[in-house]
Amino acid sequence: MKNVKHLQCINCGKTYPAEPGVYTCPDCGPADGILDVIYDYDYIAKNYSKDYFANNKNYSIWRYEPFLPVQPDGPKPTLRVGWSPLYRTKALAEAIGLENLYMKDDGQNPTASLKDRASAIAVAKAAEEKAPIIACSSTGNAASSLAGNAASIGIKTCIFVPGRAPQGKVAQLRIFGANVISVQGSYEDAFKLSAAAIERYGWYNRNAAINPYLVEGKKTVTLEICEQMNWQVPDWIVFSVGDGCTIAGAWKGYVDLYKAGFIDRLPKVAGVQAEGCAPLTKAFHSGKKFEPTEENTIADSIAVGVPRNAEKALRAVRESKGTFINVSDEEILAAMRLLGNTSGIFGEPAGVAGLAGLKKLVANGTIGKHETVVCAVTGNGLKDVNNAIKAAGEPIKVKPDLDELFSVLEGIPGLVS
Ligand SMILES: *Cc1c(COP(=O)(O)O)cnc(C)c1O
Ligand SMILES: [Zn+2]
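The structure contained in this document is the topic of the report that follows. (Residues numbered from 1 in each chain as written. Chains lettered and ligands numbered in written order. Predicted model: local features only at pLDDT ≥ 70, side-chain atom pairs only at ≥ 80, totals over all residues. Heavy atoms only, no water.)

Looking only at helices and strands, the protein chain features 17 helices and 13 strands. For the protein chain, the C-alpha radius of gyration of 21 Å lies close to 22 Å, the compact-globule estimate for 417 residues. C-alpha atoms of the protein chain, sized along the principal axes, occupy 75 × 45 × 45 Å. Contacts in the protein chain between residues far apart in sequence, at least 24 positions, make up 70% of those at least 6 positions apart. In the structure as shown, the protein chain presents an accessible area of about 17300 Å², 51% of it carried by carbon and sulfur atoms. Charge separation in the protein chain, taken as the distance between the mean sites of 45 positive and 44 negative side-chain charges, equals 4 Å. (Helix = DSSP H or I, 4+ residues; strand = E, 2+ residues; numbered from the N terminus. Rg over C-alpha atoms; globule rule 2.2 N^0.38 Å. Contact = heavy atoms within 4.5 Å. Areas by Shrake-Rupley, 256 points an atom, 1.4 Å probe, with all protein chains shown as cover. Lys, Arg positive; Asp, Glu negative; His and termini not counted. Charge placed at Lys NZ, Arg CZ, Asp CG, Glu CD.)

Right, dumping it as structure tokens:
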């Protein structure tokens, strides 16, 4: 990998070669010694340009290979991950008081969440190392994306999910042939059990933060956004936050492009957590280390009481001069409705939490009306239809009877004249 210099501990700054088996800094331990992938930006700048990307016909995350820590022409999962649509959503913008709002619909990935970006890299790395089995613990989407991407090239998976994971996600896991362990406890419980099993059996580890390559996969979301906006940088990017890997990746994408000379400014980053589980919002505003919290929200994908990538996430938001905000479950359900009604995009609760937060940040003046904003929908609503029905309500039921039908239709405002 000519484009990668080394891995660097975000805690002590020590560097390590980007080699198989190196996950975290041995001096700082797996909780604090999280590694960053450092690139040779001169090499990238010398060998790649905006024209290179403009002429690249590979419409998946692999078009960004110059910015990814994988062997050129190495083994890759075969699903088409990435290059999801970026919509300019005018009606939605107007509804929340903005002039320029873009929504990145990452629910359109093959297993229907942004996690495919990280899992595709994890599976590529595992294939490079010829690992027979990959394991992870997940609130649900990391699991289904790992299972799908691994299935595409015949690698076995062992996956730990908390008992509350929605049926849609568990169904995906089973269909992709994963060995699924449903831990009757919290996500934190699932994480701990998976860590012990991974250690004992020597499986390839796709756990958030522990594996330094996941953030690199997630950063492709902003590499894409940047290219889709013709290399114009928005004022703000807004993401929902659980472990913190996604928002750290989103920031890293812009930082890498900046360091390689593709852009000349950086956006501010807003992180959104659920009120019932917001250790990072609290840590950000208090300036202290996060405290473990309960996991009390319908947004299961961001119900993370002990975030594994706290430091990278906090650092991203601080460096960008951005902010963190919380949203209630009611605000999340309202955002799900608003997004679907005004744009035709269907997000799961954690997938629209970013939008719910954005609405509040505009209302309280943190984000100005004239500022350009990109907000990600991180997961598809079909994964969790129970909450979608909770958000939008049941349909109108009629008996197979015309009189009843006409009287019902004439009672709906604006439908018949
Ligand atoms: C995982 C996930 C997030 C948050 O990503 P983290 O890396 O855990 O912060 C947000 N939305 C959805 C749909 C997710 O699956
Ligand atoms: Zn260290």
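Looking now at the site of ligand 1. Taken together, the neighbourhood of ligand 1 is formed by 16 residues, with Lys-115, Asn-141, Gly-244, Thr-246 and Thr-378 sitting nearest. The contact in question runs from an oxygen atom of ligand 1 to an N or O atom on the backbone of Cys-245, over 3.1 Å. Considered on its own, ligand 1 offers 380 Å² of accessible surface; in the complex 98% of this is hidden by protein. Most atoms of ligand 1, that is more than half of them, are within 2 Å of grid points of the largest cavity. Class assignment for the residues of the shell around ligand 1 results in four nonpolar, eight polar and four charged. (Near = heavy atom within 4 Å. Polar contact = N/O pair within 3.5 Å; in protein donor to acceptor, adjacent residues only side chain to side chain. 1 Å grid on protein atoms, 1.4 Å probe; cavity = no way out; pocket = protein on both sides within 12 Å on 5 of 7 lines; lining within 4 Å. Sits in = over half its atoms within 2 Å of the grid points. Nonpolar A, V, L, I, M, F, W, Y, C, P; charged D, E, K, R; others polar.)

The next point concerns the nonpolar core. Counting residues in each nonpolar core, the largest one holds 80 residues, and the members touching the most others are Trp-62, Phe-67, Ile-159, Phe-239, Leu-257, Phe-262 and Leu-280. Of all the elements, helix 5 (residues 115–128) adds the most residues to this core, at eight residues. Among the nonpolar cores identified, the runner-up in size contains 36 residues, and Leu-92, Trp-236, Leu-339 and Ile-345 belong to it. (Core = buried A, V, L, I, M, F, W, Y, C linked by side-chain atoms within 4.5 Å. Buried < 20%, exposed > 50% of the residue type's maximum accessible area, 1.4 Å probe, protein only.)

Spatially, the four strands line up as an open sheet ordered 8-7-6-9, and their pairing is parallel. Looking at strand neighbours, the two that pair on one side only are strand 8 (179–183) and strand 9 (204–205), the edges of this open sheet. Across the sheet, helix 6 (residues 141–152) is in contact with strand 6 (133–137) and strand 7 (156–162); its angle to strand 7 comes to roughly 170 degrees. (Pairing = 2+ DSSP bridges. Axes fitted to C-alpha atoms, helices over the stretch in contact; angles between N-to-C directions.)

For the structure on display, the rule yields 23 salt bridges. Note that Glu-227 and Arg-63 form a salt bridge whose closest N and O atoms lie 2.7 Å from each other. One end of the pair, Glu-227, is in helix 10 (residues 220–228); the other, Arg-63, is in the loop between helix 3 (50–54) and strand 4 (86–88), with 164 residues separating them in the sequence. The two residues Glu-227 and Arg-63 agree in class, both being buried. In this structure, a network of salt bridges that share partners links the residues Lys-104, Asp-106, Arg-117 and Glu-224. (Salt bridge = Lys/Arg side-chain N within 4 Å of Asp/Glu carboxyl O.)

This part is about the coordination of the zinc ion (ligand 2). Surrounding the zinc ion (ligand 2) are the protein donor atoms Cys-9 (SG), Cys-12 (SG), Cys-25 (SG) and Cys-28 (SG), which sit 2.3 to 2.4 Å from the metal. Metal-centred angles of 107 to 112 degrees between the four donor atoms at the zinc ion (ligand 2) mark the site as tetrahedral. (Donors = N, O, S within 2.8 Å, 3.2 Å for Na, K, Ca; no water. Tetrahedral: all angles 85-135°; square planar, octahedral: opposite > 155°, others 65-115°.)

Right, let's talk about the environment of Trp-62 for a bit. Mapped onto the secondary structure, Trp-62 falls in the loop between helix 3 and strand 4. A relative accessible area of 11% places Trp-62 in the buried class. Trp-62 sits 158 residues away from Thr-220 along the chain, and the two C-alpha atoms are 9.1 Å apart. Sequence-distant contacts of Trp-62, defined by excluding residues within four places in its chain, comprise Leu-68, Val-70, Lys-76, Pro-77, Ala-120, Ile-121 and Ala-124.

Glancing now at the packing of aromatic side chains. Under the counting rule described, the total for this entry stands at 13 aromatic pairs. Taken together, a centroid distance of 5.0 Å and an interplanar angle of 85 degrees make the contact between Tyr-52 and Phe-53 edge-to-face. What makes Tyr-52 partly exposed here is its relative accessible area of 32%. Ring plane angle 70 degrees and centroid distance 5.7 Å describe the contact between Phe-67 and Phe-262, whose orientation is recorded as edge-to-face. Of this pair, Phe-67 sits in the loop between helix 3 and strand 4 while Phe-262 sits in the loop between helix 11 (245–259) and strand 11 (268–274), and the two are 195 residues apart along the sequence. (Phe/Tyr/Trp six-rings, centres within 6.5 Å; stacked < 30°, edge-to-face > 60°.)

With that out of the way, let us pick up the sheet that holds strand 10 (residues 236–240). The six strands lie next to each other as 4-5-13-10-11-12, forming an open sheet whose pairing is mixed. Strands with a single pairing partner mark the edges of an open sheet, and in this sheet they are strand 4 and strand 12 (323–327). Going from strand to strand, the sheet's axes swing by 25 degrees on average, the running direction of each strand aside. Alignment of strand 10 against strand 11, held across five bridges, turns out to be parallel.

This paragraph deals with a nonpolar patch on the surface. A cluster of nonpolar side chains, namely Phe-346, Leu-382 and Val-385, defines an oily patch on the protein surface of about 270 Å² accessible area. Mapped onto the elements of the fold, Val-385 is located in helix 16 (residues 385–392). Here Val-385 falls in the partly exposed class, since its relative accessible area comes to 41%. (Patch = residues over 30% accessible without salt bridge, like charges linked within 9 Å, V, L, I, M, F, W, Y side chains within 5 Å.)

As a packed pair, helix 5 and helix 6 sit with axes 8 Å apart at the nearest point and diverge in direction by 45 degrees. Judged by the inter-axis angle, helix 5 sits oblique to helix 6. Relative to helix 6, the crossing made by helix 5 is right-handed. For the pair helix 5 and helix 6, contact is made by Lys-115, Asp-116, Ser-119, Ala-120 and Val-123 and by Asn-141, Ala-142, Ser-145, Leu-146, Asn-149 and Ala-150, respectively. (Parallel < 35°, antiparallel > 145°, perpendicular 65-115°, else oblique. Left-handed = near helix turned anticlockwise from the far one by under 90°.)

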